[in-house]
Amino acid sequence: MEMRVLWLLLFAGSVAQEDMDRNIFFFPKKSVDDYVVLKPVVTGPLNNFTVCLRSYTEVGNSALFTLGTPKSQVRNMFVIYQSHIPYSLPFYYSIIYINNTQVYITGKANPLDWNHICVTWDSDTGVLQLWVNGKVSPLAVLQKGFSIDLQDGISLGQMQRYYRYHSMEWDREASFQGEITDVHMWNEVLPPETIWQVQRNSWYTSGNVISWRSLNYAINGDVIVQPKLY
C-alpha cells in the first residue's frame, strides 16, 4: 500500500493535462522503457465499460491498452492486444484480457492504415464486443461478475506477461511501435450509434473515465507527441 501511495504521489507530480485532439503518441521503437501512463477521472471499480482508440502500426504482436503499470500486482486486469496473422493479411486477431483470462477474436483491417478499435464489456452477462472500424465481431463472454479496478492507472503500449524474480515486468515482445490517438474510456457499454459517432471523432463523444480531449498523462521513455497528419 505504501509503495502504491508513493507511486501515485510521484505520478501526480509529473502528470500533464492537455487537449490532445490534434495530436498522437508516437512510439518509435519496441522497448519496455517506452510507454504512456494515463490517469483516469474515475478510480472506483467498474462493472461495465467501453474503451476506444485509434492505432497505426506495421509491427504485429503489440499491446495497445493495459489497465495497470509496472508496479501493479494484478497481472492483465484488462488488456487490448493485437497481432497480424502471418500470410493472411488483412486478417489479424485481437486478444482481450480481463483478470488474466483471455479471448481471441479474429478481425479484418488494413494494416497500412489507421484502425479504430472499441471494446465493450458488461459484467452482469460477461458479454464482450470488439468493434473495428465500425464493424462488430461475433460476441464473446469473459469474466462474468468481475469488477475492473482502475486505481493503478492505465498504460499505453505495454502489457505484463510473466514474472521475473517474483516481480512484475513489461513484456518486450508485446511492446508497441507505431502511433496511438483518440483514446477514450466510459463507465458504460455504449450503444452502436454512439460507437459510430466515436469512430467519426464526434466532439460530443468524449469519454468520462479517460478523455483524449482532456488527457492526464505522463510519458515514460522515448514516446513523442506529434501532430495528427491524417
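Every value quoted in this text rests on a predicted model; they were computed, and no experiment measured them.

A. Expanded view of the overall build of the protein. The secondary structure content of the protein amounts to 2 helices and 18 strands. Taking all 230 residues of the protein together, 50% fall into the buried category. In the protein, of all internal contacts separated by at least 6 residues, the share reaching a separation of at least 24 is 70%. Surface accessibility of the protein: about 11000 Å² in total, with carbon and sulfur atoms responsible for 52%.

B. Spotlight on the environment of Met20. Structurally, the position occupied by Met20 is in the loop between strand 1 (16-18) and strand 2 (23-27). Met20 sits in the buried class, given a relative accessible area of 0%. Linking Met20 and Lys228, residues 208 residues apart in sequence, is a C-alpha distance of 9.6 Å. Excluding anything up to four places from it in sequence, Met20 contacts Phe25, Trp212, Arg213, Leu215, Tyr217 and Val225.

C. Structural detail: the pairing of strand 4 (residues 48-56). Most of strand 4 sits inside the fold, with 7 of its 9 residues counted as buried. Relative to strand 9 (residues 115-122), strand 4 runs antiparallel, the two being bridged by 8 bridges. Bridge assignment links Arg54 to a residue of strand 9, and that residue is His116. As defined by bridge partners, strand 4 adjoins strand 16 (residues 178-186) across 6 bridges and the pair is classed as antiparallel. Bridge pairing in strand 16 places Ser55 opposite Ile180.

D. How the structure looks around unusual backbone geometry. With phi around 55 degrees, Asp182 is a residue other than glycine that occupies positive phi space. The topology assignment puts Asp182 in strand 16. A residue is classified by how much of its surface remains accessible, and Asp182, at 1% relative accessible area, is buried. Unusually for a residue other than glycine, Asn201 sits at a positive phi of about 60 degrees. Examined against the element boundaries, Asn201 turns out to sit in the loop between helix 2 (192-199) and strand 17 (215-220).

E. Just the state of the cysteines, in detail. Overall, the coordinates contain 1 disulfide when judged by the stated rule. Across a sulfur-sulfur distance of 2.0 Å, Cys52 and Cys118 are joined as a disulfide pair. Between Cys52 and Cys118 the disulfide shows an S-S torsion of about 115 degrees. By sign, it is right-handed. With a gap of 66 residues between them, Cys52 in strand 4 and Cys118 in strand 9 connect regions that are remote in the sequence. Cys118 shares its class with Cys52; the two are buried.

F. Local environment of the packing of aromatic side chains. This structure, assessed with the given rule, holds 10 aromatic pairs. One aromatic cluster is present, formed by Phe49, Phe65, Phe78 and Trp121 through successive ring pairs.

G. Representation of the nonpolar core. Counting residues in each nonpolar core, the largest one holds 44 residues, and the members touching the most others are Phe25, Phe65, Phe78, Ile148 and Met185. Setting aside residues up to four positions removed in sequence, Ile148 forms contacts with Gly44, Pro45, Leu46, Phe49, Leu67, Met77, Phe78, Ile98 and Trp121.

H. The side chain of Ser123, seen in detail. Here Ser123 is to be found in the loop between strand 9 and strand 10 (127-132). Setting aside residues no more than four positions away along its own chain, Ser123 makes contact with Asn47, Asn48, Lys144, Gly145 and Phe146.

I. Spotlight on the pattern of salt bridges. Scanning the model with the defined rule gives 5 salt bridges in all. Close ionic contact of Asp222 with Lys29 constitutes a salt bridge, the shortest N to O distance being 3.4 Å. Of the two residues, Asp222 is situated in the loop between strand 17 and strand 18 (224-227) and Lys29 in the loop between strand 2 and strand 3 (35-38); the sequence distance between them amounts to 193 residues. In this structure, Asp182 and Lys228 form a salt bridge, with 2.7 Å as the shortest nitrogen-oxygen distance. With Asp182 in strand 16 and Lys228 in the segment after strand 18, the pair connects residues that are 46 residues apart, well separated along the chain. The two residues Asp182 and Lys228 agree in class, both being buried. Linked by salt bridges that have partners in common, Lys29, Asp34 and Asp222 make up one network.

Quick notes on the rules
Each residue is numbered by its place in its chain's sequence as written, counting from 1. Local features in this predicted model are restricted to residues whose pLDDT is 70 or higher, and side-chain atom pairs enter the listing and the counts only when it is 80 or higher, whereas totals over whole chains, interfaces and linings include all residues. Each side-chain value is derived from all of the structure's non-hydrogen atoms; neither hydrogens nor water enter the calculation. Elements are defined by DSSP. Helices are runs of H or I of four residues or more, strands are runs of E of two residues or more, and each kind is numbered from the N terminus. For each residue, the accessible area found with a 1.4 Å probe, counting protein chains only, is set against the maximum for its type, and the residue is called buried under 20%, exposed over 50%, and partly exposed in between. Only heavy atoms enter the contact rule, under which two residues are in contact if any of them lie within 4.5 Å. For the accessible areas, the method is Shrake-Rupley and the probe is 1.4 Å, while residue cover comes only from the protein chains on display. Between any two strands, at least two bridges found by DSSP are needed for them to pair. To count as a disulfide, a pair of cysteine sulfur atoms needs to be within 2.5 Å. Classification of ring pairs rests on two measures: the distance between centres of Phe, Tyr or Trp rings, Trp counted by its six-membered ring, which must be within 6.5 Å, and the angle between planes, read as stacked under 30 degrees, edge-to-face over 60 and tilted in between. Take the buried Ala, Val, Leu, Ile, Met, Phe, Trp, Tyr and Cys residues and link them wherever side-chain atoms come within 4.5 Å; each set so joined is a nonpolar core. We count a salt bridge whenever a side-chain nitrogen from Lys or Arg sits within 4 Å of a carboxyl oxygen from Asp or Glu.

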